[in-house]
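# Analysis of the macromolecular model
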Amino acid sequence: MSKSPVTCHVLDSSIGKPAAGVPVQLQQLRSADGPATSFDILAEGVTDYDGRCMQLYPEAAPGQKREDLIKLQAGKLYKVVFKTKDYFESTGRKCFYPWVEITFEVANPAEHYHIPLLISPYSYTTYRGS
């Protein structure tokens, strides 16, 4: 199976290790009209032992290929939501940011989009990965 068009990697910089077990959602902008911006959930996953989530696909029905269920579109906005509070609580720690949302625009749907996230209980940072 090929990797999804959007993947992520979460590292816990406070302990220098991958953050396993972080719930992750991939969402697409539905509407930015009016006072509220809304997104639709495209897929959900959880980071593995290495802090990676390489298969952000929705569940496929019988006879469907998961790879065919998400097709990124040029000019569209997407976001990855990381439920960091769940992770920190599972390790017996409190955190300031219960989740991290990283919104990005797809310029070229043929490209792969990798979203690394470095977290600690009171900070986070990200960049465009490869």
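Here the structure is shown first, and the text comes after it.
In short, a report on the structure. The model shown is predicted, which means the values in this text are computed figures rather than measured ones.

We now examine the overall build of the protein chain. Regarding its fold elements, the protein chain presents one helix and nine strands. Counting from the amino terminus, the protein chain carries its helices and strands in the arrangement β-β-β-β-β-β-α-β-β-β. Against the globule reference of 14 Å for 130 residues, the protein chain gives a C-alpha radius of gyration of 15 Å, in line with a compact fold. By residue count, 36% of the 130 residues in the protein chain fall in the buried class. Within the protein chain, contacts between residues at least 6 apart in sequence are counted, and of these 58% link residues at least 24 apart. Accessible surface computed for the protein chain: about 7400 Å², of which carbon and sulfur atoms make up 52%. Treating the 14 positive side-chain charges of the protein chain as one cloud and the 14 negative ones as another, the clouds have centres 2 Å apart.

Taken in spatial order, the four strands make up an open sheet running S4-S3-S6-S7, and their pairing is antiparallel. Both edges of this open sheet fall to strand S4 (38–46) and strand S7 (100–105), since each of them pairs with a single strand only. Averaged over all pairs of adjacent strands, the angle between strand axes in this sheet comes to 25°, irrespective of strand direction. Across eight bridges, the pairing between strand S3 (residues 23–31) and S4 is antiparallel. Residue pairing across strands places Gln28 opposite Asp40, the latter belonging to S4.

Reading guide: rules and limits
Residues numbered from 1 in each chain as written. Predicted model: local features only at pLDDT ≥ 70, side-chain atom pairs only at ≥ 80, totals over all residues. Heavy atoms only, no water. Helix = DSSP H or I, 4+ residues; strand = E, 2+ residues; numbered from the N terminus. Rg over C-alpha atoms; globule rule 2.2 N^0.38 Å. Buried < 20%, exposed > 50% of the residue type's maximum accessible area, 1.4 Å probe, protein only. Contact = heavy atoms within 4.5 Å. Areas by Shrake-Rupley, 256 points an atom, 1.4 Å probe, with all protein chains shown as cover. Lys, Arg positive; Asp, Glu negative; His and termini not counted. Charge placed at Lys NZ, Arg CZ, Asp CG, Glu CD. Pairing = 2+ DSSP bridges. Axes fitted to C-alpha atoms, helices over the stretch in contact; angles between N-to-C directions.

Geometric values such as these leave the question of function open.
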